[in-house]
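What follows is the residue order along each chain.
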Amino acid sequence: MTRASRRAADADTPRHFGVLAEAMRDGDTERMAIAAQRHLSGIENLGARRMRTCCMARQCPGRAGTIAGAEAGLGQSGWNSRRRGQHWRKSPQSRHRIPRPVRNAVAAAEAPRPLPEWVLTPRSVTMKYLVIPVTPFEQNCTLIWCTETMQGAFVDPGGDLERLTDAASRQGVAIEKILLTHGHIDHAGGAGELAARLDVPIEGPQREESFWIDQLVAQSRSFGFPPARPFIPDRWLEDGDTVTVGKEILSVLHTPGHTPGHVVFFHAASKLALVGDVLFAGSIGRTDFPRGSHQALIDSIRQKLWPLGNDVQFISGHGPMSTFGTERRSNPFVGDNA
Ligand SMILES: [Zn+2]
């Protein structure tokens, strides 16, 4: 893990402390469990170096309990973070004597958790979808499938492959291909491995994206991801192409800006777009990467996406769903009044 990504994970941690403390004040066990889980996955991301330092690390669960407990007015029972190191010599039970609500929340977070599944689309009886956030970046991998043939595809399987294949088998979906919007690690990091395991082809993105796909191994190293298995897509896509999933047909739009070969998949029958990192609810994709272009991104959204219709629902690479109409009304970057 690079120093920069370690710093980013550090910077993210206090947010979870705050959420945890707030949830404790409200006695909201569900939110406590989620905050604790986020906090723990932060620890995993930081890797062994941090875990070894335990109480010295800001990410130590004991310390989290102390801070959250103090904020919630529960005191710092049994453990003084200033006398660090002392608890190493105590029994495991006394080691992290943190407030019971936090301990319970952490235990709940460590228990096997159900997949955070999103809605099944009400707009189409023939194509369904399931959004499965994957990787520490909570990237929205989407399983889409044709209900007539029960054949499906993963769009942007960035990682957590067991969760993805479990979800497909629970839905009774046979995966026939992988679709990629772009070549960033959180979207494409698991594609090579998954394609090999399932013996299915990879379709997309547009050819310019070889710039990022060729760097996947380096990307996985610099973001602390498991090593990505290199691949070359079986089919590059161009603007105006179509892809099929069972009997369903999606059209392809080339939407550069975030990355040069980014594509969007549009299912006209259910007015659903899978937009990757082009557009988010209330925001747009980053353009500060090499070969990113702010103007190209704005043009992609306004000239390619808006004409599809205000009532189009879209699934972004991160965060909640929205509609093009909502974004045209209120998005501060690409709204009609922006
Ligand atoms: Zn991206």
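Look up: the structure comes first, before these words.
Description of the structure in this document. (Residues numbered from 1 in each chain as written. Predicted model: local features only at pLDDT ≥ 70, side-chain atom pairs only at ≥ 80, totals over all residues. Heavy atoms only, no water.)

**Quick word on helix H9 (residues 191-198)**
Where we set the bar: Classification of residues uses two cut-offs on accessible area relative to the type maximum, computed with a 1.4 Å probe and protein chains only: under 20% is buried, over 50% is exposed, and between them is partly exposed. Only DSSP runs of H or I with at least four residues qualify as helices, and only runs of E with at least two residues qualify as strands; both kinds are numbered from the N terminus onward.
Taken as a whole, H9 has its buried residues at Ala-191, Gly-192, Leu-194 and Ala-195. Asp-199, located one to two residues past H9, shows a positive phi value of around 55 degrees.

**Observations concerning the coordination of the zinc ion**
Condition: Sites may look incomplete, because water is not among the atoms used; the donor set itself consists of N, O and S atoms within 2.8 Å of the metal (3.2 Å for Na, K and Ca). A four-donor site is called tetrahedral if each angle lies between 85 and 135 degrees; a four-donor site is square planar, and a six-donor site octahedral, when trans pairs exceed 155 degrees and the remaining angles lie between 65 and 115; all other cases are labelled irregular.
Looking at the metal site, the zinc ion is ligated by His-182 (NE2), His-184 (ND1), His-258 (NE2) and Asp-277 (OD), spaced 2.2 to 2.3 Å from it. Because the angles between the four donor atoms bound to the zinc ion fall within 89 to 164 degrees, the donor set is best described as irregular. Donor residues binding the zinc ion come from one chain and are separated in sequence as H-x1-H-x73-H-x18-D. Residue His-184 is found in the loop between strand S4 (174-179) and helix H8 (185-188), and its partner Asp-277 is found in the loop between strand S9 (272-276) and strand S10 (279-280); the two are separated by 93 residues along the sequence. The class for His-184 is buried, based on a relative accessible area of 6%. The exposure class of Asp-277 is buried, given its relative accessible area of 5%.

**Concerning the pattern of salt bridges**
The test is simple: When a carboxyl oxygen of Asp or Glu is within 4 Å of a side-chain nitrogen of Lys or Arg, the pair counts as a salt bridge.
Summed over all chains, the structure comprises 13 salt bridges. With its nearest N and O atoms 3.0 Å apart, the salt bridge here joins Glu-162 to Arg-197. Remark: Arg-197 occurs in helix H9 and Glu-162 occurs in helix H7 (residues 161-171); sequence separation between them is 35 residues. A relative accessible area of 44% means that Arg-197 is categorised as partly exposed. The salt bridge involving Lys-271 is made with Asp-311; its shortest N-O contact spans 2.9 Å. In this pair, Lys-271 is assigned in the loop between strand S8 (263-267) and S9 and Asp-311 in the loop between helix H12 (294-305) and strand S12 (313-316), connecting sequence segments 40 residues apart.

**A closer look at empty space enclosed by the protein**
We count it as follows: Site definitions follow a grid-based scheme: protein atoms alone, a 1 Å grid, a 1.4 Å probe that fits but cannot get out for cavities, and for pockets an open set with protein on both sides within 12 Å along at least five of seven lines, plus lining residues having an atom within 4 Å of a point. Grid points are joined across faces, edges and corners, and a volume is the space filled by probe spheres set on the points. Side-chain classes follow a simple rule in which Ala, Val, Leu, Ile, Met, Phe, Trp, Tyr, Cys and Pro form the nonpolar group, Asp, Glu, Lys and Arg form the charged group, and the remainder, Gly included, forms the polar group.
Overall, the coordinates contain one cavity of 30 Å³ or more when judged by the stated rule. What the largest cavity holds in volume is close to 60 Å³. Every residue along the wall of the largest cavity is listed here: Gln-139, Asn-140, Thr-142, Val-155, Asp-156, Thr-181, Leu-274, Val-275, Gly-276, Ile-315, Ser-316 and Gly-317. A per-class count over the lining of the largest cavity returns four nonpolar, seven polar and one charged.

**Considerations on unusual backbone geometry**
A cis amide bond links Gly-204 to the next residue, Pro-205, at an omega of -5 degrees. You can see Pro-205 is positioned in the loop between strand S5 (202-203) and helix H10 (210-213). The backbone phi angle of Met-150 is positive, close to 60 degrees, even though this residue is not glycine. The partly exposed category is assigned to Met-150, whose relative accessible area is 27%. The phi angle at Asp-160 is positive, at roughly 50 degrees, despite the residue not being glycine.

**Concerning the packing of aromatic side chains**
Selection criterion: Aromatic pairs are defined between Phe, Tyr and Trp rings, using the six-membered ring for Trp, whenever the two ring centres lie within 6.5 Å; interplanar angles under 30 degrees are classed as stacked, those over 60 as edge-to-face, and all others as tilted. Any Lys NZ or Arg CZ found within 6 Å of a ring centre and within 35 degrees of that ring's normal is scored as a charge over the ring.
Within the structure shown, the criterion is met by six aromatic pairs. Taking 5.9 Å as the distance between ring centres and 80 degrees as the angle between the ring planes, the aromatic pair formed by Trp-212 and Phe-289 counts as edge-to-face. Residue Trp-212 is located in helix H10, and its partner Phe-289 is located in the loop between strand S11 (283-284) and H12; the two are separated by 77 residues in the primary sequence. Among the aromatic residues, ring-to-ring pairing joins Phe-137, Phe-223 and Phe-225 into one connected group. The ring of Phe-211 has Arg-291 lying over it, and the distance from NZ or CZ to the ring centre is 5.4 Å.

**Some thoughts on the sheet that holds S9**
Worth spelling out the cut-off: Should DSSP find at least two bridges between two strands, the strands are taken to pair.
Sheet architecture is open: six strands sit in the order S6-S7-S8-S9-S12-S13, paired in mixed fashion. The sheet is open, and its two borders are formed by strand S6 (242-245) and strand S13 (322-323), each paired with just one other strand. Pairing analysis gives three bridges linking S8 to S9, with the strands arranged antiparallel. Paired with His-267 across the bridge in S9 is Leu-272.

**Some thoughts on the pairing of S6**
Where burial is concerned, the two faces of S6 differ: the one with Val-243 and Val-245 is buried and the one with Thr-242 and Thr-244 is not. Alignment of S6 against strand S7 (residues 248-254), held across four bridges, turns out to be antiparallel. Counterpart to Val-245 in the pairing with S7 is Glu-248. Between the antiparallel neighbours S6 and S7 lie two residues, among them Gly-246 with a positive phi of about 60 degrees.

**A short note on the sheet that holds S5**
Spatial ordering of the open sheet is given by S1-S2-S3-S4-S5, a layout of five strands whose pairing is mixed. Every interior strand has two partners, whereas the edge strands, strand S1 (127-134) and S5, have only one.

**With respect to the nonpolar core**
Inside soluble globular proteins, nonpolar side chains tend to come together where they are buried. What counts, and what does not: Here the nonpolar core consists of buried residues drawn from Ala, Val, Leu, Ile, Met, Phe, Trp, Tyr and Cys, with membership extended through side-chain atoms lying within 4.5 Å. Note on contacts: a residue pair is in contact if any heavy atoms of the two residues lie within 4.5 Å.
One finds Leu-143, Phe-154, Ile-178 and Phe-231 to be the most contacted residues of the largest nonpolar core, which totals 28 residues. For this core, the secondary structure elements donating two or more residues are S1, strand S2 (139-146), H7, S4, H8 and H9. Ranked by residues supplied to this core, first place goes to H7 with four residues. Leu-143 has contacts with Lys-128, Tyr-129, Leu-130, Ile-132, Ala-153, Phe-154, Ala-167, Ala-168, Gln-171, Val-173 and Ile-175, leaving out every residue within four places of it along the chain.

**What about the environment of Ser-251?**
Within the secondary structure, Ser-251 sits in strand S7. Residues Ser-251 and Asp-239, twelve residues apart in the sequence, show an inter-C-alpha distance of 8.4 Å. Once you skip the residues sitting within four places of it in the chain, Ser-251 turns out to touch Asp-241, Thr-242, Val-264, Phe-265 and Phe-266.

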